[in-house]
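Architecture and fold: a report
Residue-level listing of the chains:
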Amino acid sequence: LGWFTDPVFLGDYPKSMREILGARLPQFSEAETKLLLGSSDFLGLNHYSSAMASEPRQPLNFGGYWGIQQVQLSDDPSWGSKTEMGWSVVPEGANELLKWITNRYHRPVIYVTENGMAAHEPDRYHSVEDTARSEYIRGYVRSFLEARRDGVDLRGYFYWSMMDNFEW
């Protein structure tokens, strides 16, 4: 997240990103840094799942955005349920991320601009009953409310739904 948000909220890319990418990253002039800092009215966060990040045990064999970060992502088996996409349902991960954002960027206004899940709906009954999705929403909303109580300036929540696909 910091790779995208640090320049806007802190005025430069993270040190780790500069170490990895070196001269491929632009250097901001003092004037550019002034333009960047405080240029965002809020931080919009799309959050669907969480993962544990660690240093890879062996070199990654792929490049691009995911490979350049040099981070191994994994799930904790105790997290339990997964979406139809195979993503872990971890509301407490969203809570921790919101608190991290709040601490790192000095309590910005935050909107969760996307959050949702794909669910297995083998028949009409499961599509209408929609228990898994209801539990997902309930868990994430509870986690977002807890983050607000802990001082996160979260002002909005937008659930992603099938209707959002009509934008295409």
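Notes on the structure in this doc start here. (Residues numbered from 1 in each chain as written. Predicted model: local features only at pLDDT ≥ 70, side-chain atom pairs only at ≥ 80, totals over all residues. Heavy atoms only, no water.)

1. A word on the nonpolar core
Judged by nonpolar contacts, the single largest core of 19 residues is most densely connected at Leu-98, Phe-144 and Leu-154. Every element with two or more residues in this core is listed here: strand E1 (43-46), helix H5 (91-104), strand E4 (110-114) and helix H7 (131-149). A total of four residues in this core trace back to one element, the largest contributor, which is H7. Not counting chain neighbours up to four residues away, the residues in contact with Phe-144 comprise Ala-94, Leu-98, Val-112, Asn-115, Leu-154 and Tyr-157. One finds Tyr-13, Met-17, Leu-21 and Leu-25 within the second-largest nonpolar core, a separate group that totals five residues. (Core = buried A, V, L, I, M, F, W, Y, C linked by side-chain atoms within 4.5 Å. Buried < 20%, exposed > 50% of the residue type's maximum accessible area, 1.4 Å probe, protein only. Helix = DSSP H or I, 4+ residues; strand = E, 2+ residues; numbered from the N terminus. Contact = heavy atoms within 4.5 Å.)

2. Focus on unusual backbone geometry
The phi dihedral of His-106 is positive, around 60°, even though this residue is not glycine. Phi is positive for Arg-107, close to 60°, though the residue is something other than glycine. Assignment of secondary structure puts Arg-107 in the loop between H5 and E4. Take Arg-107: its relative accessible area is 47%, and that puts it in the partly exposed class.

3. Here's the deal with the pairing of E1
Burial of E1 is one-sided: the residues Leu-43 and Leu-45 facing one way are buried, the residues Gly-44 and Asn-46 facing the other way are not. When E1 meets E4, the two strands line up parallel, connected through four bridges. Bridge pairing in E4 places Leu-45 opposite Val-112. (Pairing = 2+ DSSP bridges.)

4. Notes on the packing of H5 against H7
Interaxial distance between H5 and H7 falls to 8 Å at its minimum, and their mutual angle equals 25°. Between H5 and H7, the angle falls in the class roughly parallel. With respect to the hand of their crossing, H5 and H7 are arranged in right-handed fashion. Contacts from Pro-91, Glu-92, Ala-94, Asn-95 and Leu-98 in H5 reach Gly-139, Tyr-140, Ser-143, Phe-144, Glu-146 and Ala-147 in H7. Among the residues making up the contact of H5 with H7, the classes are represented as six nonpolar, three polar and two charged. (Axes fitted to C-alpha atoms, helices over the stretch in contact; angles between N-to-C directions. Parallel < 35°, antiparallel > 145°, perpendicular 65-115°, else oblique. Left-handed = near helix turned anticlockwise from the far one by under 90°. Nonpolar A, V, L, I, M, F, W, Y, C, P; charged D, E, K, R; others polar.)

5. Section: the sheet that holds E1
In a beta sheet, neighbouring strands are held together by backbone hydrogen bonds and run either parallel or antiparallel to one another. Taken in spatial order, the three strands line up as E1-E4-E5 in an open sheet, and their pairing is parallel. Two strands bound the open sheet, and with one partner strand each, they are E1 and strand E5 (154-157). Between one strand and the next, the sheet's axes are offset by a mean angle of 25°, whatever the strand orientation. Of the strand pairs in this sheet, E4 and E5 are connected by three bridges, and their pairing is parallel. Looking across to E5, one finds that Ile-110 is bridged to Leu-154. Those strands touched by H5 are E1, E4 and E5, and its axis lies near 155° from that of E1. Packing of H7 onto the sheet brings it into contact with E4 and E5, and relative to E5 it is tilted by some 165°.

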